[in-house]
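What follows is each chain in one-letter form.
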Amino acid sequence: MEFLKWDLGYRNGGEVVEVKLDKAANVRVMDSGNFNNYRYGRAHQCYGGHATRSPYRVTIPMAGRWYVAVDLGGYTGRVRADVRVLPGRLPIA
């Protein structure tokens, strides 16, 4: 399966991944172990899902190395996407 990918590097929990899409697509935010499983077609867990609106936002649940994959779920065609990381909520003083 073809997919677009972004290596977000080390991110803190609570940061928000914003994905802008030109059409509906699957957006998957995964840690490195789950990304490797996804890449090789094995069972994996991810945050996100089928995005039908843009921008689509997913909160990173915990600190670590994170990846984003965007795919069309096996359907033909191409999708264009742009990814950026937004700061999470500021702590209450």
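Below is a summary of the structure that appears in this document. Residue numbers restart at each chain and count upward from 1, following the sequence in its written direction. Confidence filtering applies because this is a predicted model: local features only for residues at pLDDT of at least 70, side-chain atom pairs given and counted only at 80 or more, and all residues used for totals across whole chains, interfaces and linings. The side-chain figures draw on all heavy atoms in the structure; neither hydrogens nor water molecules are used.

What about the overall build of the chain?
No. 1: Tallying secondary structure elements over the chain gives one helix and seven strands in all.
No. 2: A run of H or I in DSSP counts as a helix once it spans at least four residues, and a run of E counts as a strand once it spans at least two, with each numbered from the N terminus. Starting at the N terminus and ending at the C terminus, the chain contains elements arranged as β-β-β-α-β-β-β-β.
No. 3: Here the C-alpha radius of gyration of the chain, 13 Å, is about what a compact globule of 93 residues would show, namely 12 Å.
No. 4: Considered along the principal axes of its C-alpha atoms, the chain spans approximately 50 × 25 × 15 Å.
No. 5: Type-normalised accessible area, obtained with a 1.4 Å probe on protein chains alone, sets the label of each residue: buried when under 20%, exposed when over 50%, and partly exposed for intermediate values. Counting only residues that meet the buried cut, the chain has 34% of its 93 residues in that class.
No. 6: Contact definition: two residues touch when any of their heavy atoms are within 4.5 Å. For the chain, contacts bridging at least 24 residues in sequence account for 81% of all contacts bridging at least 6. All radius of gyration figures rest on C-alpha atoms, and the globule criterion is 2.2 Å times the number of residues raised to 0.38.

Here we look at the layout of surface pockets
No. 1: What the largest pocket holds in volume is close to 230 Å³.
No. 2: Of the residues contributing to the lining of the largest pocket, the split by class is seven nonpolar, three polar and three charged. Cavity means a closed set of points on a 1 Å grid over the protein atoms alone, one where a 1.4 Å probe fits but cannot get out, pocket means an open set with protein on both sides within 12 Å along at least 5 of 7 lines, and lining means a residue has an atom within 4 Å of a point. Grid points are joined across faces, edges and corners, and a volume is the space filled by probe spheres set on the points. Gly falls in the polar group here, along with every residue not listed as nonpolar (Ala, Val, Leu, Ile, Met, Phe, Trp, Tyr, Cys, Pro) or charged (Asp, Glu, Lys, Arg).

Focus: the environment of Arg-78
No. 1: Along the polypeptide, Arg-78 turns up in the loop between strand S6 (64-71) and strand S7 (81-86).
No. 2: Taking the C-alpha atoms as reference points, Arg-78 and Leu-4, separated by 74 residues in sequence, lie 9.7 Å from one another.
No. 3: Discounting chain neighbours no more than four positions away, the residues touching Arg-78 are Glu-2, Lys-23 and Leu-72.

Section: the sheet that holds strand S5 (residues 56-59)
No. 1: We treat two strands as partners when DSSP finds at least two bridges between them. The strand order S5-S2-S7 describes an open sheet built from three strands, whose pairing is antiparallel. Here the strands that pair on one side only, and so sit at the sheet edges, are S5 and S7. Looking at each pair of strands side by side, their axes are set apart by 20° on average, direction ignored. What counts as an axis is a line fitted to C-alpha atoms, over the stretch in contact for a helix, and the angles between N-to-C directions run from 0 to 180 degrees.

A look at the packing of aromatic side chains
No. 1: In this analysis, rings of Phe, Tyr and Trp, with Trp reduced to its six-membered ring, are considered paired at centre separations within 6.5 Å, and the interplanar angle assigns stacked below 30 degrees, edge-to-face beyond 60, and tilted for intermediate values. Counting across every chain of the model gives five aromatic pairs.
No. 2: The rings of Phe-3, Phe-35, Tyr-38 and Tyr-67 are connected pair by pair, giving a single aromatic cluster.

A look at the nonpolar core
No. 1: Each nonpolar core is a collection of buried residues, namely Ala, Val, Leu, Ile, Met, Phe, Trp, Tyr and Cys, held together in the definition by side-chain atoms within 4.5 Å. Counting residues in hydrophobic clusters, the biggest one holds 17 residues, and the most contacted among them are Val-17, Val-19, Leu-21, Val-27, Val-68 and Val-70.
No. 2: Among the elements of the structure, strand S2 (16-21), strand S3 (25-31), S5 and S6 are those that each provide at least two residues to this core.

Thoughts on the pattern of salt bridges
No. 1: Salt bridges, as used here, are contacts in which a Lys or Arg side-chain nitrogen is within 4 Å of a carboxyl oxygen on Asp or Glu. According to the stated counting rule, one finds six salt bridges in the structure shown.
No. 2: Glu-18 is the salt-bridge partner of Arg-84, the closest N and O atoms lying 2.7 Å from each other. In this pair, Arg-84 sits in strand S7 while Glu-18 sits in strand S2, placing the two residues 66 residues apart along the sequence.
No. 3: A relative accessible area of 2% places Glu-18 in the buried class.
No. 4: A salt bridge links Arg-80 to Asp-22, with the shortest nitrogen-to-oxygen separation between them at 4.0 Å. Highlighted residues: Arg-80 in the loop between S6 and S7 and Asp-22 in the loop between S2 and S3, separated in sequence by 58 residues.

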